[in-house]
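Structure assessment
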Amino acid sequence: MLRTFALIACAAYPLAAQDLQFSQPIDCTLGADCFIEDYVDINPFEKNSQDHRCGLNTRDGHTGTDFALIDFASVEQGVDVLAAAPGHVFRLRDSMPDDRLQRGVTSQNACGNAVILAHADGYQTTYCHLKRGSINVSIGDSVERGQPIGKVGLSGRTSHPHVHFSVKKNGTQLDPFRPEANDQCATQPSPTLWLNPPEYHATILRFAGFSNAVPKFEDTVSGAARLTNSKPNQPLVVYVEAGFSQHGDILDISATGPLGEAFRHSILLKQPKKSTRRAFGKRAPQEGWSLGEYTGQIILTRKGQIIANRFAHVTVAH
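Here the structure is a predicted model, which is why all the values come from computation and not from measurement. (Residues numbered from 1 in each chain as written. Predicted model: local features only at pLDDT ≥ 70, side-chain atom pairs only at ≥ 80, totals over all residues. Heavy atoms only, no water.)

Glancing now at the pairing of strand β2 (residues 34-38). Among the five residues that make up β2, five are buried, leaving the element largely enclosed by the rest of the structure. Pairing of β2 with strand β3 (residues 65-69), which is carried by four bridges, proceeds in the antiparallel orientation. By the bridge assignment for β3, Phe35 is matched with Ala68. (Buried < 20%, exposed > 50% of the residue type's maximum accessible area, 1.4 Å probe, protein only. Helix = DSSP H or I, 4+ residues; strand = E, 2+ residues; numbered from the N terminus. Pairing = 2+ DSSP bridges.)

What follows is the structure, given as structure tokens:
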């Protein structure tokens, strides 16, 4: 187990200088105000998803790298989406609303507001889930590496603020973390298309949600435990599973409602574990929970760096 974690901590490295390389496509600091949530699913078989390092930080059929923000307030403040390499604007869409409930979203517009850039040597990059009205380039425009092209939003098939960044070469989807072997993972670091390859963390948060009590594990996996609506007099509990946590990791569980913070609790994880399940909540106050929407948040911090984050949502109503 310790040897596995040691391998994961090793840094990846860029390909040769003559290959097109990409910079970070979002103006944030990894580990401080953003993190990489999901990678490309390199496993071609259904229901057997795997990221480039043979981990679970992906979803079945996921085609990009998700750079996620750690709060919703950032959407209002504005976080720039950046061109990852020089090129020109090939296509764009800037008409979809920022809607966490994804009303009107289909398989045809799941990317939401987006920009597609064409680069040298047949490369294309796509930037999804941009904020409506934020795109500041036009089709045919030339762009430089690091140039702002829009802002992070909540358009398309997303329930939290992030930019989905994907890469194609001559029409074929690539994983920028492992472009030379798109259907095979590797536990060792591989050559990448990144100028400064981000550090990889195997740890993942999943099966997060609100419940009225500490749920059974099988109910979290199946989704039976997850509430979308609750009553004012019922307890509110936020639950999560942390996969591949390490000794010293800190799990912060909180909930915020119409009147501000409802509760917060920090847990020190004391040994490496393949699966760690935690939950925290409170009984309803004497007057009952205020009516409205509540957002749960689970943040996993390692050595002062945020490496994973999950949101949960519930509406309290009569």
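Let's pick the thread back up.
So, about the sheet that holds strand β18 (residues 273-282). The three strands lie next to each other as β13-β15-β18, forming an open sheet whose pairing is antiparallel. One side of each edge strand has no neighbouring strand; the edge strands of this open sheet are β13 (204-211) and β18. Across the sheet, the mean angle separating the axes of adjacent strands is 15 degrees when strand polarity is ignored. The pairing of β13 with strand β15 (residues 236-245) spans six bridges and is classified as antiparallel. The residue of β15 that forms the bridge with Gly209 is Tyr239. (Axes fitted to C-alpha atoms, helices over the stretch in contact; angles between N-to-C directions.)

It is worth spelling out the pattern of salt bridges at this point. Per the stated rule, a full pass over the model turns up 10 salt bridges. A salt bridge links Asp252 to Arg264, with the nearest nitrogen and oxygen atoms 2.5 Å apart. Here the residue Asp252 occupies a position in strand β16 (residues 250-257), and Arg264 occupies one in strand β17 (residues 260-268), the gap between them amounting to 12 residues. One salt-bridge network, held together by shared partners, links Asp38, Arg59 and Asp66. (Salt bridge = Lys/Arg side-chain N within 4 Å of Asp/Glu carboxyl O.)

Sheet architecture is open: five strands sit in the order β14-β20-β19-β16-β17, paired in mixed fashion. Each of the sheet's edge strands pairs with one partner strand only, and the pair in question is β14 (229-230) and β17. The sheet contact formed by strand β19 (residues 292-302) and strand β20 (residues 305-316) spans 11 bridges and is antiparallel. Residue pairing for β20: Arg302 is matched across the bridge by Gln305.

Moving on, we get to the environment of Cys34. Mapped onto the elements of the fold, Cys34 is located in strand β2. As a C-alpha pair, Cys34 and Asn57 span 23 residues in sequence and 15 Å in three-dimensional space. If we ignore the near neighbours within four places in the chain, the residues touching Cys34 are Cys28, Thr29, Ala68, Leu69, Ile70 and Ile306. (Contact = heavy atoms within 4.5 Å.)

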